[in-house]
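Chain by chain, the residues:
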Protein chains: 2
Amino acid sequence: MHSLKRILIFCALALGAIVWASPAVWTARGASGADEGPVHGLDPFVLLSIALMLLVAKLGGELFAKLKQPAVLGELIGGILVGSLSLFGVASVESLRTDAVIAALAELGVITLLFEVGLETNLREMAEVGWSSLLVATLGVVVPFFLGWGVAVLFIPGGPTLTHIFIGATLCATSVGITARVLKDLGWLQAREARIILGAAVIDDVLGLLVLAVVAGAIKATAAGEALALASVGLIALKSLAFLAGAVLLGQFVVPHLFRGAGRLESRGVMVAFAIAFCFLLAWAAARLGLAPIVGAFAAGMMLDEIHFEAFVRRGERTLTELLAPVSALLVPIFFVLMGLKVDLRVFGQLSVLGFALALTAAAVFGKQVCSLGVLERGVNRLAVGLGMIPRGEVGLIFAGIGATLLLPNEQGASVPVVGAETFGAIVIMVVVTTLVTPPVLKWSLQRTARKSKTAASAEVSE
Amino acid sequence: MHSLKRILIFCALALGAIVWASPAVWTARGASGADEGPVHGLDPFVLLSIALMLLVAKLGGELFAKLKQPAVLGELIGGILVGSLSLFGVASVESLRTDAVIAALAELGVITLLFEVGLETNLREMAEVGWSSLLVATLGVVVPFFLGWGVAVLFIPGGPTLTHIFIGATLCATSVGITARVLKDLGWLQAREARIILGAAVIDDVLGLLVLAVVAGAIKATAAGEALALASVGLIALKSLAFLAGAVLLGQFVVPHLFRGAGRLESRGVMVAFAIAFCFLLAWAAARLGLAPIVGAFAAGMMLDEIHFEAFVRRGERTLTELLAPVSALLVPIFFVLMGLKVDLRVFGQLSVLGFALALTAAAVFGKQVCSLGVLERGVNRLAVGLGMIPRGEVGLIFAGIGATLLLPNEQGASVPVVGAETFGAIVIMVVVTTLVTPPVLKWSLQRTARKSKTAASAEVSE
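Residues numbered from 1 in each chain as written. Chains lettered and ligands numbered in written order. Predicted model: local features only at pLDDT ≥ 70, side-chain atom pairs only at ≥ 80, totals over all residues.

## Concerning the overall build of chain A
A count of helices and strands for chain A gives 19 helices and two strands. The proportion of buried residues among the 463 residues of chain A is 57%. Sequence-distant contacts in chain A: of pairs separated by 6 or more residues, those separated by 24 or more amount to 77%. (Helix = DSSP H or I, 4+ residues; strand = E, 2+ residues; numbered from the N terminus. Buried ≥ 20, exposed ≤ 12 C-beta atoms within 10 Å, placed from the backbone. Contact = placed C-beta atoms within 7 Å.)

This is how it looks when you write it as structure tokens:
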């Protein structure tokens with residue numbers, strides 16, 4: 001330690017001497033402006049913001065993980081808390097909310113997240129869970145959609161019909177990430193209930209994204225003042241389907257060869273770079289077709305399978321899921337913290353928002369309970385299936401975020417966002433509550449089944 | 001396969017039916033505008049750009065790796081080739097060059113890279129290599145600096161002195177990444193020559209960054225029309241030193257506790273998120289002090305040691321270096337491809353640029369050969385040390401990139417960038433040549449030593 005200190009002091013002195021002796025000192029002509037800003041072009045504010053957002057996200061996530069809740073909730077609530085600083089006059093929070101680079105990083109984050117979720121599933125899995133999942137998913141999209149629409153009509157009586165429909169759409173998609181995470185944490189991923197839930201969650205994700213594409217397309221057309229031709233809405237639906245069908249065909253017949261070919265490449269990081277490039281390419285293609293980029297990212301993930309990366313893994317590289325984890329650990333929290341940041345805490349003080357949030361939450365929870373009627377198999381814990389479909393999580397927030405960027409003319413003819421501050425607050429409360437409520441009730445319901453089937457199993461054995 | 005196809009067709013039909021039946025179709029009022037743009041806020045152009053840059057980087061990198069050259073060269077040349085498309089009228093290349101989000105990602109990339117390079121080294125290693133490294137590094141900074149200055153005076157006779165000095169500064173820093181990579185590829189990391197080279201490369205990186213801070217500060221002050229007080233240049237140097245000394249103290253006494261505390265956190269991705277947050281925080285602090293953010297990133301990397309992450313690794317997580325690899329695989333190529341993109345190929349057609357590039361390259365190569373005089377130990381292959389110091393790589397490019405963003409008044413009083421298109425082209429050629437030339441000559445020189453020491457070793461054994 002002593003010699004290290006001496007060496008450090010020496011280094012410092014030597015560096016100092018060299019800098020002092022450096023010719024720049026003798027010839028340069030003015031340097032007092034050095035305090036004013038960075039030497040580099042990037043606004044250092046972005047660096048500080050990212051660092052703080054990551055710290056908030058991870059501390060919040062850790063806290064909620066310790067409370068046996070999904071980490072995503074902690075990130076969200078952390079963001080809400082940071083955002084609330086603006087109520088106390090911290091002005092830089094406002095510039096954080098509107099920074100273009102942070103917004104872009106957040107969007108790349110959500111694209112990465114949907115890519116990861118897509119990776120967790122594949123077509124074969126979707127096909128295996130079959131009819132029950134499809135029926136559960138369909139009920140789970142249709143019923144909450146109409147309930148949400150009704151709630152919106154009730155609470156925004158003067159609003160445009162498209163706004164009501166959009167709010168209904170935000171209730172459609174189950175958060176496959178949160179559901180899967182809860183099932184995994186409980187060690188239930190291989191149970192029949194879990195497979196039905198996951199299959200249905202995947203299908204209603206896709207359905208939800210299709211509904212989003214249609215509704216958002218209709219909103220954009222209305223905002224542009226164009227009359228709706230039924231044919232053009234059909235065109236959006238057709239394009240969505242063509243995109244997904246094209247993705248399916250590509251995934252079956254082209255992608256395996258493509259990535260097996262890429263498997264011959266050996267330079268560092270080639271696998272993760274190619275996978276991300278593929279994801280971004282499909283996200284771009286989806287955007288070009290008028291769909292949300294996340295639809296493309298999800299499709300890209302569904303197309304890719306660890307099998308395509310055999311060549312990489314065989315020579316000792318990590319699997320794609322492992323490689324993507326650090327990228328998503330960097331980018332995804334930025335999305336959720338930013339989403340939290342955008343929640344205006346003042347709306348929570350308004351009784352109407354709380355009522356709206358409560359009604360939306362009820363619609364979200366009870367709408368999904370109808371799902372259980374879609375379970376065809378006997379001996380399945382139907383309650384658990386319905387409960388497992390409750391969490392809305394990231395997809396609901398993504399919808400809300402998109403809604404906040406879409407504009408519609410109101411009754412006075414002025415352009416207002418489809419999802420205003422109040423609605424956004426209500427949706428966030430709905431997401432928080434549905435996400436928070438699921439882990440404990442799902443755990444309770446599944447453990448009841450476990451006890452029953454244990455009894456049944458021991459009965460079978462004793463027979 | 002057959003049943004899978006049927007299921008796919010069924011799924012497509014079912015999705016179609018649901019979308020067609022979705023209430024949005026019956027109530028929405030116009031959708032023909034859906035083609036015009038993305039539903040999401042992010043410009044899809046950014047997604048396409050990132051995807052293409054990654055593909056270009058990895059294919060170029062792979063090609064050069066196959067040719068036993070550093071992958072960074074391939075990324076650079078890939079970028080140059082894509083950039084040359086603008087000569088054939090591809091206008092979108094121009095918007096790629098100036099896109100703010102791409103530029104921000106590139107800067108985050110170079111910050112991540114310097115963080116990684118910093119991680120590869122630590123203070124103890126720097127202290128161990130001792131006097132030889134320090135002397136080699138000092139000579140390796142001072143001699144190329146003056147040679148480069150001289151070359152700049154020769155080729156830009158009318159330019160401001162600060163421009164000449166800046167060009168000298170771009171020749172200072174050895175690319176520790178490329179050197180380490182070459183030594184690693186050859187299996188020579190533990191040799192005495194390798195240690196001296198690495199130690200010296202680290203020190204002259206720090207020296208180079210200090211020189212950059214001083215020169216850039218002086219340029220900014222001049223641009224602001226302020227007179228140079230020697231004291232204020234001293235202030236920059238002092239701030240740099242204070243920053244590095246503070247970083248050293250922090251690294252010795254605070255960081256270990258901090259990260260050991262963080263080791264108790266268990267949620268997913270917490271380690272890599274904290275490390276990146278730490279890196280960005282120091283980059284921000286450096287920027288606030290008027291230094292380049294990369295100085296902070298490098299210091300952050302040097303402060304962190306795998307030892308601080310013991311708690312994470314013990315419970316089966318990857319090491320920080322492994323976790324950072326995918327992040328850098330995503331961000332770093334964006335920097336190098338963008339650097340390549342910014343090379344205006346037309347400058348290569350001008351004889352004066354080629355002459356300038358040739359002279360700069362000669363200054364860079366021969367300037368570093370003087371280094372070998374700094375080796376105090378006997379029996380060391382001095383030629384190999386000199387050769388190992390040749391590559392400039394990323395640091396030279398970073399300097400050039402910063403130079404392109406700094407403005408100085410020319411003789412007519414107008415503001416011109418310190419590093420103009422011609423100088424940038426010349427520096428890029430210098431970087432390409434020094435990086436390209438090192439692997440083969442270093443390999444040749446080290447293998448000569450290997451043969452000699454093998455003979456010596458067998459002689460010792462026979463004694």
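## Focus: the nonpolar core
Counting residues in each nonpolar core, the largest one holds 323 residues, and the members touching the most others are Val215 and Cys279 of chain A together with Val215 and Cys279 of chain B. With residues near it in sequence (within four places) discarded, Cys279 of chain B still touches Ile111, Phe115, Ala297, Ala300 and Gly301 of chain B. (Core = buried A, V, L, I, M, F, W, Y, C linked by C-beta atoms within 7 Å.)

## Section: the packing of helix 6 (residues 100–120) of chain B against helix 13 (residues 293–303) of chain B
The axes of two packed helices give the description: the angle between them and the distance between them. All names here are of chain B. Relative orientation of the contacting elements helix 6 and helix 13 amounts to 35 degrees, with a least axis distance of 6 Å. As for how helix 6 packs across helix 13, the hand of that crossing is right-handed. Residues Val110, Ile111, Leu114, Phe115, Glu116, Val117, Gly118 and Leu119 of helix 6 pack against Pro293, Ile294, Ala297, Phe298, Ala299, Ala300, Gly301 and Met302 of helix 13. For the contact of helix 6 with helix 13, the residue count by class is 13 nonpolar, two polar and one charged. (Axes fitted to C-alpha atoms, helices over the stretch in contact; angles between N-to-C directions. Left-handed = near helix turned anticlockwise from the far one by under 90°. Nonpolar A, V, L, I, M, F, W, Y, C, P; charged D, E, K, R; others polar.)

## Some thoughts on the environment of Asp305 of chain B
Residues and elements named next belong to chain B. Structurally, the position occupied by Asp305 is in the loop between helix 13 and helix 14 (310–314). A tally of 19 C-beta atoms within 10 Å means that Asp305 is categorised as partly exposed. As a C-alpha pair, Asp305 and Ala200 span 105 residues in sequence and 20 Å in three-dimensional space.

## Thoughts on the packing of helix 3 (residues 44–66) of chain B against helix 15 (residues 320–341) of chain B
All names here are of chain B. Running from amino to carboxyl end, helix 3 crosses helix 15 at an angle of 85 degrees, the nearest separation of the two axes being 9 Å. If you check the angle between helix 3 and helix 15, you find them roughly perpendicular. Counted together, Ile50, Met53, Leu54, Val56, Ala57 and Lys58 of helix 3 and Pro333, Ile334, Phe336 and Val337 of helix 15 form the full contact between these two elements. Split into classes, the residues belonging to the contact of helix 3 with helix 15 amount to nine nonpolar, no polar and one charged. (Parallel < 35°, antiparallel > 145°, perpendicular 65-115°, else oblique.)

## A closer look at helix 6 (residues 100–120) of chain A
Taking 1.5 Å as the rise per residue, helix 6 of chain A with 21 residues should run 30 Å; its terminal C-alpha atoms sit 30 Å apart, in good agreement. With 18 of its 21 residues buried, helix 6 of chain A lies for the most part within the structure. (Expected span 1.5 Å × (residues − 1).)

## Section: the environment of Met430 of chain A
Residue and element names in this part refer to chain A. Relative to the helices and strands, Met430 resides in helix 19 (residues 421–462). Separated by 29 residues in sequence, Met430 and Gly401 have C-alpha atoms that sit 14 Å apart. Those residues in contact with Met430, other than ones at most four positions away along the chain, are Ala357, Leu360, Thr361, Ala364, Arg392 and Gly396.

## Notes on the confidence of the model for chain A
Low-confidence regions, as indicated by low pLDDT, have predicted coordinates that should not be scrutinised in detail. Residues and elements named next belong to chain A. Across chain A, the average pLDDT comes to 76, with 77% of residues at 70 or higher. Across residues 1–40, where pLDDT falls below 50, the model places 85 contacts with residues more than four positions away in sequence or in other chains. Scoring the predicted complex yields pTM 0.74 and, for the interface, ipTM 0.73. (pLDDT = per-residue confidence, 0-100.)

## Some words on helix 8 (residues 161–170) of chain A
With nine of its 10 residues buried, helix 8 of chain A lies for the most part within the structure. Among the residues of helix 8 of chain A, Leu162, Thr163, His164, Ile165, Phe166, Ile167, Gly168, Ala169 and Thr170 of chain A are the ones counted as buried.

## Looking at the environment of Leu383 of chain A
Residue and element names in this part refer to chain A. Counting through the fold element by element, Leu383 comes out in helix 17 (residues 382–388). For the pair Leu383 and Ser445, spaced 62 residues apart in the sequence, the C-alpha separation amounts to 7.2 Å. With near-sequence residues (within four places) excluded, Leu383 lies in contact with Ser372 and Ser445.

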